[in-house]
Structures are given as structure tokens and as C-alpha cells.
Amino acid sequence: MLFSLIMAKKKTAKKSVKKVAKKLARKVAKKKAAKKKALNRPMAEDKTQISISLPVEVVALIDRAAAEQNRNRSNFIANEMMEIVEEYGY
């Protein structure tokens, strides 16, 4: 009787773990799909995408400064570059 009770509890525990694992897997898949969808969104018409190479140290400094201002890297760089262009009178 005790053995049967232990085995029943063990089986129930396994089902609970499987249920939680499935739920977690669905949640992760949903987050991945949302992230992929966000990455595939069209760019604003008044923007253009460029690619530059920077030293790792510079990117780290940019990321730190952007984080301190609660901005993302792209927004930080765009605003700082606009200030520099305006400073030169363009």
C-alpha cells in the first residue's frame, strides 16, 4: 500500500514537471516569435540603415552611456550625431 502511494505521488510529480515544462516551452516559443516579428518590422520611411565598424571599447562606452539615459544604442548614436552635425552648422 505504501509503495503504491509513493509510486502514485511520483507519477503525479512527473506529470506536474512535464506540464510546467510544456508551459515554459510555449512561453519561450511565444517570446521568440514576438522577437522575430519585431525584428522583421519595416523601417520608418524617414530612416535609413547604415553599417559601421567600431572598436569594441567604443561600443561598450556607447552602450553604457545609452543605458544611463534609458535609450537604445541606435537612438543614442542618432541623437549624438545630430548634435555634432548641428554644431558644425549643417
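Above this text is the structure in question.
Keep in mind the model is a prediction, meaning the values are calculated, not measured.

Asks: Describe the overall build of the protein, and please don't skip the residues or the numbers.
Replies: The number of helices and strands found in the protein is three helices and zero strands. Taken from N to C terminus, the helices and strands of the protein fall in the order α-α-α. Across the 90 residues that make up the protein, the buried fraction comes to 3%. Accessible surface computed for the protein: about 9100 Å², of which carbon and sulfur atoms make up 61%.

Asks: Go over the pattern of salt bridges with me, naming the residues and quoting the values.
Replies: The final tally for this structure, using the stated rule, is one salt bridge. Two residues, Arg73 and Asp63, come together in a salt bridge whose shortest N-O distance is 2.7 Å. Placement of the pair is Arg73 in helix H3 (residues 73-87) and Asp63 in helix H2 (residues 56-68), with a sequence separation of 10 residues. By relative accessible area, which is 28% here, Asp63 ends up partly exposed.

Asks: How would you explain unusual backbone geometry if you had to name every residue and give the values?
Replies: Phi at Asn70 takes a positive value of approximately 55°, unusual for a residue other than glycine. You can see Asn70 is positioned in the loop between H2 and H3.

Asks: Lay out H3 with the relevant residues and their values.
Replies: In a regular helix each residue adds 1.5 Å, so 15 residues correspond to 21 Å; H3 covers 21 Å between its end C-alpha atoms and thus fits that length. Structurally, the start of H3 carries an N-cap: the backbone nitrogen of Ser74 is 3.2 Å from a side-chain oxygen of Asn72. Downstream of H3 by a residue or two, Gly89 has a phi angle that is positive, lying close to 85°.

Calculation criteria
Residues numbered from 1 in each chain as written. Predicted model: local features only at pLDDT ≥ 70, side-chain atom pairs only at ≥ 80, totals over all residues. Heavy atoms only, no water. Helix = DSSP H or I, 4+ residues; strand = E, 2+ residues; numbered from the N terminus. Buried < 20%, exposed > 50% of the residue type's maximum accessible area, 1.4 Å probe, protein only. Areas by Shrake-Rupley, 256 points an atom, 1.4 Å probe, with all protein chains shown as cover. Salt bridge = Lys/Arg side-chain N within 4 Å of Asp/Glu carboxyl O. Expected span 1.5 Å × (residues − 1). Polar contact = N/O pair within 3.5 Å; in protein donor to acceptor, adjacent residues only side chain to side chain.

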